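A closer look at the structure
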Amino acid sequence: MAGQLRFTVEQVVWQEVPGEVSLAFTISGCPLRCKGCHSSAARNPSAGVPLTLEYLEARLNQYRGLISCVLFLGGEWQPEPLKKLLSLARAHNLKTCLYTGYEQVAPELMPHLTFLKTGP
């Protein structure tokens, strides 16, 4: 559904963002099809469940004091809903990270990101 991100995997990770304990979401529907993609099972845009602001808020409250970052593995192809999720994480005083197969992301996302990993 346009305007809403979905995720297939949610986990707390320690290695993806150096020095951070991150709540990571693998976003479904990536249009890139990068060779060697580790999330190819999430390519279907209707896979997984909706990542709503309410859901993220509940998770951030659950992990308060335990995580330092929220990581999105994808989602940049829908910058508006991603920007809202990033803003919510930042409002909780958390760092934010985006992994993207693109070389650049929409300029409006940059102020909401602490870390950005680009390229296929």
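Nothing here was measured: the structure is a model prediction, and the numbers come from that model.

Further remarks concern the environment of Leu98. Along the chain, the position of Leu98 falls in strand β5 (residues 95-99). Judged by its relative accessible area of 1%, Leu98 falls in the buried class. In this structure, Leu98 is in contact with Leu71, Phe72, Gly74, Glu76, Leu82, Val105, Leu109, Leu113, Phe115, Leu116 and Lys117, ignoring residues within four places of it in sequence.

This part is about the pairing of strand β1 (residues 6-13). Relative to strand β3 (residues 49-50), β1 runs antiparallel, the two being bridged by 2 bridges. Bridged to Arg6 within β3 is Pro50. Direction of pairing for β1 relative to strand β2 (residues 22-27): antiparallel, over a ladder of 6 bridges. Pairing of Gln11 across the sheet is with Ala24, part of β2.

In this structure, Glu76 sits in the loop between β4 (69-73) and α2 (79-91). A residue is classified by how much of its surface remains accessible, and Glu76, at 6% relative accessible area, is buried. A polar side-chain atom of Glu76 sits 2.9 Å from a polar atom in the side chain of Thr100.

Here we come to the nonpolar core. If you look at the biggest cluster of nonpolar residues, it comprises 22 residues, and the most contacted ones within it are Phe25, Leu51, Leu56, Leu60, Val70 and Phe72. With 5 residues, α2 is the single largest residue contributor to this core. The residues contacting Leu56, other than those within four sequence positions of it, are Phe25, Leu51, Phe72, Leu85 and Leu88. Counting residues in each nonpolar core, the second largest holds 8 residues, with Val13, Val17, Cys69 and Tyr99 among its members.

The rules behind each value
Residues numbered from 1 in each chain as written. Predicted model: local features only at pLDDT ≥ 70, side-chain atom pairs only at ≥ 80, totals over all residues. Heavy atoms only, no water. Helix = DSSP H or I, 4+ residues; strand = E, 2+ residues; numbered from the N terminus. Buried < 20%, exposed > 50% of the residue type's maximum accessible area, 1.4 Å probe, protein only. Contact = heavy atoms within 4.5 Å. Pairing = 2+ DSSP bridges. Polar contact = N/O pair within 3.5 Å; in protein donor to acceptor, adjacent residues only side chain to side chain. Core = buried A, V, L, I, M, F, W, Y, C linked by side-chain atoms within 4.5 Å.

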